[in-house]
Amino acid sequence: MSAASRRRVGLLPWLLLAPGLLLFLFFVIVPLAIMASTSTYQLDRTTGQLVPDGLSHYASFLRDPFYLGVLGRTLRLAAITTILAALVGYPVAYAMIKASPRQQASLLLIILAPLLVSVVVRTFGWLVLLGPNGAINSLLLGLDLIREPLRLLYSETAIVLGLLHVLLPFAILPIFASLRNIDPDLHRAAQNLGAGPAYAFWRVTLPLSLPGIAAGSMIVFALSSSAFVTPAVLGGARLKVMSTLVYQQIMQLADFPRGAAIALILMGISVSAVLAYLWALERGRSGIVFD
Amino acid sequence: MRQGAILRGYILLVCAFILAPIVVVLGSSLTAAEYTSFPPHGISLRWYIEILRHEEFLDSLWTSTYVAVGASGAALIVGTMAAMALARYRFPGRTALNGLFMSPLLLPSLILGIALLQFYTWAGIGKSPATLILGHLVLTTPYVIRLVGASLSGFKGELELAAQNLGATPLQTFRWVTLPLIRPGLLAGAAFAAIISFDEVNISLFLSSPTTVTLPVRIFGYLEQTFDPLVTAVSSLLILISAVGIVLLERIIGLGRLFGVE
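Computed from a prediction, not measured in an experiment: that's the story for all the values here.

About the cut-offs
Here, residues in each chain are numbered from 1, in the same order as that chain's written sequence. The naming scheme follows written order: chains are lettered A onward, ligands numbered 1 onward. Reporting in this predicted model follows two pLDDT cut-offs: at least 70 for local features of residues, and 80 or more for side-chain atom pairs to be given and counted; totals over whole chains, interfaces and linings ignore these cut-offs and use all residues. Excluding hydrogens and water, the side-chain values take into account all heavy atoms of the structure. Residues are called lining when one of their atoms sits within 4 Å of a cavity or pocket point, these points coming from a 1 Å grid over the protein atoms alone, where a cavity is a set in which a 1.4 Å probe fits but cannot get out and a pocket is an open set with protein on both sides within 12 Å along at least five of seven lines. Grid points are joined across faces, edges and corners, and a volume is the space filled by probe spheres set on the points. Here a strand is any run of E in DSSP of at least two residues, a helix any run of H or I of at least four, and the numbering for each starts at the N terminus. What makes two residues a contact is simply this: any of their non-hydrogen atoms within 4.5 Å. Take the accessible area each of two parts loses on contact, using a 1.4 Å probe, and add the two losses: that sum is the buried area. Any carboxyl oxygen of Asp or Glu within 4 Å of a side-chain nitrogen of Lys or Arg constitutes a salt bridge here. Here a polar contact means two N or O atoms within 3.5 Å. Within protein one must be a hydrogen donor candidate and the other an acceptor candidate, and residues neighboring in sequence count only if both atoms are side-chain atoms. Axis definition: a line fit to C-alpha positions, over the contact stretch in the case of helices; interaxial angles, taken between N-to-C directions, run 0 to 180 degrees. Any angle that falls under 35 degrees is termed roughly parallel, while one over 145 is termed roughly antiparallel, one within 65 to 115 roughly perpendicular, and all others oblique. Should the near helix be turned counterclockwise from the far one by less than a right angle, the crossing is left-handed, whereas a clockwise turn marks it as right-handed. Note on residue classes: Ala, Val, Leu, Ile, Met, Phe, Trp, Tyr, Cys and Pro are nonpolar, Asp, Glu, Lys and Arg are charged, and everything else, Gly too, is polar. In this scheme, a helix's expected span is set at 1.5 Å multiplied by one less than its residue total. Throughout the structure description, domain borders are defined by an automatic or database domain assignment. Categorising residues by exposure relies on relative accessible area from a 1.4 Å probe, with only protein chains included: less than 20% of the type maximum marks a residue as buried, more than 50% marks it as exposed, and the intermediate range marks it as partly exposed. Like charges are joined within 9 Å and nonpolar side chains (Val, Leu, Ile, Met, Phe, Trp, Tyr) within 5 Å, but only among residues with over 30% relative accessible area and no salt bridge; these make up the patches. In this description, accessible areas are obtained by the Shrake-Rupley approach with a 1.4 Å probe, and a residue is regarded as covered only by the protein chains that are shown.

Q: Describe empty space enclosed by the protein, naming the residues involved and giving the relevant values.
A: One water molecule sets the probe size; rolling that probe over the atoms shows where empty space is left. Residue and element names in this part refer to chain A. Tallied over the entire structure, the rule returns two cavities of 30 Å³ or more. Considering only enclosed or pocket space, the largest cavity measures out at about 50 Å³ in volume. Looking at the largest cavity, the residues that line it are Thr74, Leu77, Ile159, Leu163, Ser224, Ser225, Ala227, Pro231, Val241 and Ser243. Among the secondary structure elements, those contributing two or more residues to the lining of the largest cavity are helix 3 (65–98), helix 7 (156–180) and helix 9 (197–226).

Next up, the structure:
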C-alpha cells in the first residue's frame, strides 16, 4: 500500500463521522452546556433580563418544602412503578421461557407492539378507561356495585397505573434475556439433588436472573422518574412531579434559569439510573460463567 | 398442571392490561354519541369524517409527516455514514464517539427538548420546521447507527476489501457490495426512525411553533382541556399509522430483534 492511499484510509472514517459529529456537537453538547450555564442566572421579572446568580436555584430548591415535596413524589412514584414492574413482569418473562417458540413470538409481539404507539395515545387510553364515563366506571355502575362514578383520575394511583403500562416491556425484556441465558440443566441438577421445584427456583433460577431484574429496574426507574406525558395527563395540574414542574417553569412561567436548574437535577437522577442499568447489564453478561 | 393454568390465566390478564388502553381508544372512536365513552354508543364513522373539517388536525398530520420523513431520511444518511466508520475502522476515540452517538438514548428526551429550546433562544434562532426536524434527527440517529451497525457486523469487512483489491473505488464498493448486504438494516433503521419521530412528543412540545404542531402535541394539548370523540378518532389514526410501521418492522427484521432480545 502506498503512503498516499494509507493516508486516504486514515482520513475516510473522519469524513464519514463528520456530519454526525457536527450534529451531536451543536445539537446535544452545546445545548446542554447552554442549559447548564443558564441555570446559574436569575430571571429579573421587572426587566426580563438574566442576572448572574451562581448556584442559588439549586440551593433554594434544596431548602424549599414545595420543591422537595415534588422531588419526593417523583422518587416515590418511580420507585413504586419500578417494584410493580418487576413483580408483574417476572412471571411474564418466566412464562415466555416455558412457552413454545410460536407462543413466545406472539407474546413478544403483544408486549413490544404497544411500544411503537405514541405514549400520548396510550395515556389517552387510560383517560378513557378511568374517566367518569369510562370503561371501569361503566362496568361498576352496570353491575350496581357503585351508585356514582368513582374518582379514579388525577391521582397518584392513576399515574402509577399509566407508568406501569408504558414501562412494563422495559422490565420484561431484560428479565426474559437473563432467564434465557440460564442453563436449564442447572434447574434439573438442583432437582436431582433433592430440591423441590419451588426450592430449585428460589435457590438457582431467581439468583441467576437477578442481573436481569436489576437492569430492568434501573431502566424503568430512569424512564418513570423523567416521564412527562403520563403524569401530566393522569395526574392533573395539582399533582406535580419533576418533569411537569420543569415544563411549568419553562413553558408557562418562562423562567428559563429555574427550569434549567430543576431539569439538571432531574437529569442527574435519571442518568445515574441509566448508568447503573448499563453497569448491571455488563455484570450480567460477565456473571454467566457456567457454560 | 394447575400451576400451568394459573400462569396462563395471569399472562392473559397482563396481555389484556397491555392492550386495554389501545383497544379502548379504537373502540370509543367509533361512537355515534357526542361524548367519549367505552363501550361506544352506537357505531359510526362520523368522528373520522369530522377530522376532515378540522384544519388544525390536518395541518398537524402534514407537519408530523414531513418531520418524520425529513428526520428519518437525514438520520439514515448521517447514521449510516457514522455506522460505517464505527464498524469498519479502528481509530483513537472510537469508544467515546460511540458513547456520544448513543447519548440521546440515555438522556430524558424532555431534557433534550428543553436544552434545544434554550440553545435556539440563546442563539436567536426562531422556531421553524428545520429546528423541529433537527431535534428529531438527534433523537433518531442513534437507532439508525445501531440497526445499520448490527447489519454491518453481520458480515466481514473482507468482502469490501476484496472489492477494493479488484479495483473498485470506495464509492463503488459501497454501492455494489455493502449497500445490498445492509439493506434490511437500512430499511429497519428508516422505518424505526420514522415511527419514533411520528410518535415523539417530549421534544416537539418545546420546539413546536403555532404553525408546526405535530399530531401527538396537538392531541396532548386537547387532553389537557377536554376530550370529545374527535380526539379518539385522531388518536386511532395515529394507532393505525403505527400499526403499519409495526407490520413493516416485524416483516423486515422482527420486533424481538429490533429491541435486542433475539
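Q: Which residues make up the interface of chain B and chain A, and what values do they have?
A: Put simply, an interface is often sized by how much accessible area is lost when its parts join up. Listed by partner, the interface residues are 79 residues for chain B and 82 residues for chain A. Both sides together, the interface formed by chain B and chain A hides about 7,200 Å², and carbon and sulfur atoms give 85% of it. Taken together, the connections running from chain B to chain A amount to zero salt bridges. Our count for the chain B to chain A interface comes out at five residue pairs in polar contact (both at pLDDT 80 or more).

Q: Tell me about the packing of helix 3 (residues 55–88) of chain B against helix 6 (residues 129–152) of chain B, and please be specific about residues and values.
A: Residues and elements named next belong to chain B. Look at helix 3 against helix 6: their axes get within 6 Å of each other, and the N-to-C directions meet at 40°. The angle between the axes of helix 3 and helix 6 places the two elements in the oblique class. Crossing of helix 3 against helix 6: the hand is right-handed. Residue classes in the contact of helix 3 with helix 6 are distributed as 20 nonpolar, eight polar and one charged.

Q: Got a sec to walk through helix 12 (residues 229–252) of chain B? Specific residues and values, please.
A: Taking 1.5 Å as the rise per residue, helix 12 of chain B with 24 residues should run 34 Å; its terminal C-alpha atoms sit 35 Å apart, in good agreement. Among the residues trailing helix 12 of chain B, Gly254 of chain B stands out with phi positive, at a value near 90°.

Q: Could you give an account of the domain arrangement of chain B, naming the residues involved and the relevant values?
A: Residues and elements named next belong to chain B. The domain boundaries assigned to chain B delineate domain 1 (1–44) and domain 2 (54–258). Taken over C-alpha atoms, the centre of domain 1 sits 31 Å from the centre of domain 2. Each partner contributes residues to the interface: domain 1 has 10 residues there, and domain 2 has eight residues. Where domain 1 abuts domain 2, roughly 650 Å² becomes buried across the two surfaces, and 75% of that area is made up of carbon and sulfur atoms. Between domain 1 and domain 2 we count zero salt bridges in total.

Q: Tell me what's going on with the domain arrangement of chain A, and back it up with residues and numbers.
A: Residues and elements named next belong to chain A. As far as domains go, chain A holds domain 1 (13–54) and domain 2 (64–286). Here the C-alpha centre of domain 2 lies 31 Å away from the C-alpha centre of domain 1. Contact with domain 1, which involves 10 residues of that partner, is made by 11 residues of domain 2. When the two sides are added together, the surface that domain 1 and domain 2 hide from each other amounts to roughly 710 Å², 73% of it contributed by carbon and sulfur. For domain 1, the biggest contributors to the area lost against domain 2 are Met35, Ser39 and Arg45; these three give 51% of the whole.

Q: Describe the pattern of salt bridges, naming the residues involved and giving the relevant values.
A: One side chain can pair with another of opposite charge once the charged atoms of both are near each other. Residue and element names in this part refer to chain A. Scanning the entire structure with this criterion turns up five salt bridges over all chains. Between Glu156 and Arg76 there is a salt bridge, with its nearest N and O atoms 2.7 Å apart. In this pair, Glu156 sits in helix 7 while Arg76 sits in helix 3, placing the two residues 80 residues apart along the sequence. For Arg76, a relative accessible area of 40% translates into the label partly exposed.

Q: Account for a nonpolar patch on the surface, naming residues and giving values.
A: A cluster of nonpolar side chains, Leu22, Leu25, Phe26 and Ile29 of chain A, forms an exposed patch at the surface whose accessible area comes to about 350 Å². Structurally, the position occupied by Ile29 of chain A is in helix 1 (residues 3–38).

Q: Describe helix 5 (residues 119–130) of chain A, listing the residues and the values that go with them.
A: In a regular helix each residue adds 1.5 Å, so 12 residues correspond to 16 Å; helix 5 of chain A covers 17 Å between its end C-alpha atoms and thus fits that length. Here helix 5 of chain A lies mainly inside the structure; 11 of its 12 residues are buried.

Q: Tell me about the environment of Trp62 of chain B, residues and numbers included.
A: Residue and element names in this part refer to chain B. Looking at where Trp62 falls in the secondary structure, it is placed in helix 3. When its relative accessible area of 56% is taken as the criterion, Trp62 is described as exposed. Residues Trp62 and Thr212, 150 residues apart in the sequence, show an inter-C-alpha distance of 9.2 Å.

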